[in-house]
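If you want the building blocks of each chain, they are given just below.
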Amino acid sequence: MPEMKSPARAFFVADSRSRKSCLYGIFPATLLICVVLFFMSSVFSQSYKEKLSSWKIDAGHDVEIEKCKNQCRPSGSEALPAGIVSSTSSLDMRPLWDPPKHKKGRRVVDITVNASANLFAMAVGIKQKDLVNKMVTKFLASNFMVMLFHYDGIVDEWKRFEWSDHVIHVSATDQSKWWFAKRFLHPDIVAAYDYIFLWDEDLGVENFHPDKYISIIKSEGLEISQPALDPRKSEVHHQITVRGRRSKVHRRTFKASNGGKGCDKSSTAPPCTGWIEMMAPVFSRAAWRCVWYMIQSDLIHAWGLDMQLGYCAQGDRTKNVGVVDAEYIVHHNRPTLGGTDSTVSSKEKDHRVDVRRLSYRELDVFRKRWEKAVEEDECWVDPFQ
């Protein structure tokens, strides 16, 4: 007789089978859910990483933009990469072809010209060719770059001198050296030179040595200077320019000038101290950058400029402006621009009176411009007041 199963046992077996069936049904669903969750977490993780990376890039980009905004670029060069921008130049001449090469043993030696460290510029006329020749010869021998401004329009007659092809010639009829300087000696053009000599043509340099002069002004810290005048042979207009026999350099005078005002130890302003005459000024690179901006384009005689040079002295004008006694020159006071030689009969009109009249007018204009500029510039503070 077959064994009879109890109702409880039958229920247990049925329940066990039901559970197995349920588990078998849940497992695929769970697996599917896990796969879906894994996939979604992967997608979310990748999206998060991309967003995080994007945030980092955006933040870095913003920093770069801000950094680029703070770069000081010359006006007009913004479209170029910074490394290709050449903001300065020089007057040194470059060859049209490679310089010659000389063989030394088995080595090939390049023959190159040393770049000039200093610039000598001068307004010249052919009538002063004897003095000009001596000056140019001496400065070229000291490896100066030389630039001649021809105010009489004559250039070809200078070709008789051996040095003619080694200097820069600029010609414009009846223009002063300050007219030329404003237009052809921009600070960015002459930035390669440590010192700029801007001289008149009627000077004697028998007792002047450019190299020694440079050495002295460097050691003395002179930003603006001039060589002293030999009082026995020179036309002297201001006592401060007279050579002192017992000193290497002097920075003040204790004698009255042509204006009649006396100078003493307590004097702190031009022309007693912090002052030079404009016939043979020498400027450091930094001082010239300042002076060039002060030269007025329409005031070609630059009268009045001498009294304000101290503002460009890069500090204390009583210390940084001086006259060098150890290296001195002679001021011959020959008639140059606008004048005629009295020793030679000529039908040319002597325009020196007209030149002097215009110079005084320009002086008045410059003084008024200075006063107006001081009054209107609320941010400017006078360092000498």
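Source: prediction; values computed, not measured.

Rules used throughout
Residues numbered from 1 in each chain as written. Predicted model: local features only at pLDDT ≥ 70, side-chain atom pairs only at ≥ 80, totals over all residues. Heavy atoms only, no water. Salt bridge = Lys/Arg side-chain N within 4 Å of Asp/Glu carboxyl O. Helix = DSSP H or I, 4+ residues; strand = E, 2+ residues; numbered from the N terminus. Buried < 20%, exposed > 50% of the residue type's maximum accessible area, 1.4 Å probe, protein only. Pairing = 2+ DSSP bridges. Patch = residues over 30% accessible without salt bridge, like charges linked within 9 Å, V, L, I, M, F, W, Y side chains within 5 Å. Areas by Shrake-Rupley, 256 points an atom, 1.4 Å probe, with all protein chains shown as cover. Lys, Arg positive; Asp, Glu negative; His and termini not counted. Charge placed at Lys NZ, Arg CZ, Asp CG, Glu CD. Right-handed = clockwise from strand over helix to strand, strands pointing away.

Caption draft 1: Just the pattern of salt bridges, in detail. All told, the structure shown has twelve salt bridges when counted by the stated rule. The partner of arginine 334 in a salt bridge is aspartate 130, with the nearest N and O atoms 3.1 Å apart. A residue pair is termed long-range when its members are at least 10 positions apart, and arginine 334 in the loop between β11 (321-331) and α7 (352-376) and aspartate 130 in helix α2 (residues 129-141) qualify at 204 residues. On the basis of relative accessibility, which here comes to 29%, the residue arginine 334 falls in the partly exposed class. For lysine 159, the salt bridge identified is with aspartate 156, shortest N-O distance 3.7 Å. Grouping residues by exposure puts lysine 159 and aspartate 156 together as exposed.

Caption draft 2: Seen up close, the pairing of strand β6 (residues 195-199). Among the five residues of β6, five are classified as buried, and the element is accordingly described as predominantly covered. Burial along β6 is two-sided: the face carrying Tyr195, Phe197 and Trp199 and the face carrying Ile196 and Leu198 are both buried. The pairing of strand β3 (residues 118-124) with β6 spans five bridges and is classified as parallel. Along β6, the bridge assignment pairs asparagine 118 with tyrosine 195.

Caption draft 3: Spotlight on a negative patch on the surface. Together, Glu375, Glu376, Asp377 and Glu378 give the surface a local cluster of negative charge. Structurally, glutamate 378 can be placed in the segment after α7.

Caption draft 4: The arrangement of the pairing of strand β4 (residues 144-150) in detail. The buried fraction of β4 amounts to seven of the seven residues, a majority that puts the element mostly inside the structure. Residues Phe144, Val146, Leu148 and His150 point to one face of β4 and Met145, Met147 and Phe149 to the other, with burial holding for every one of them. Where β3 lies against β4, seven bridges are found, and the strand directions are parallel. Pairing of leucine 119 across the sheet is with methionine 145, part of β4. Handedness of the crossover is the feature at issue here: the chain leaves β3, passes through α2, returns alongside β4, and the resulting connection is right-handed. Sheet topology places β4 next to strand β5 (residues 168-171); four bridges connect them, and they run parallel. Its bridge partner lying in β5, leucine 148 is registered against histidine 169.

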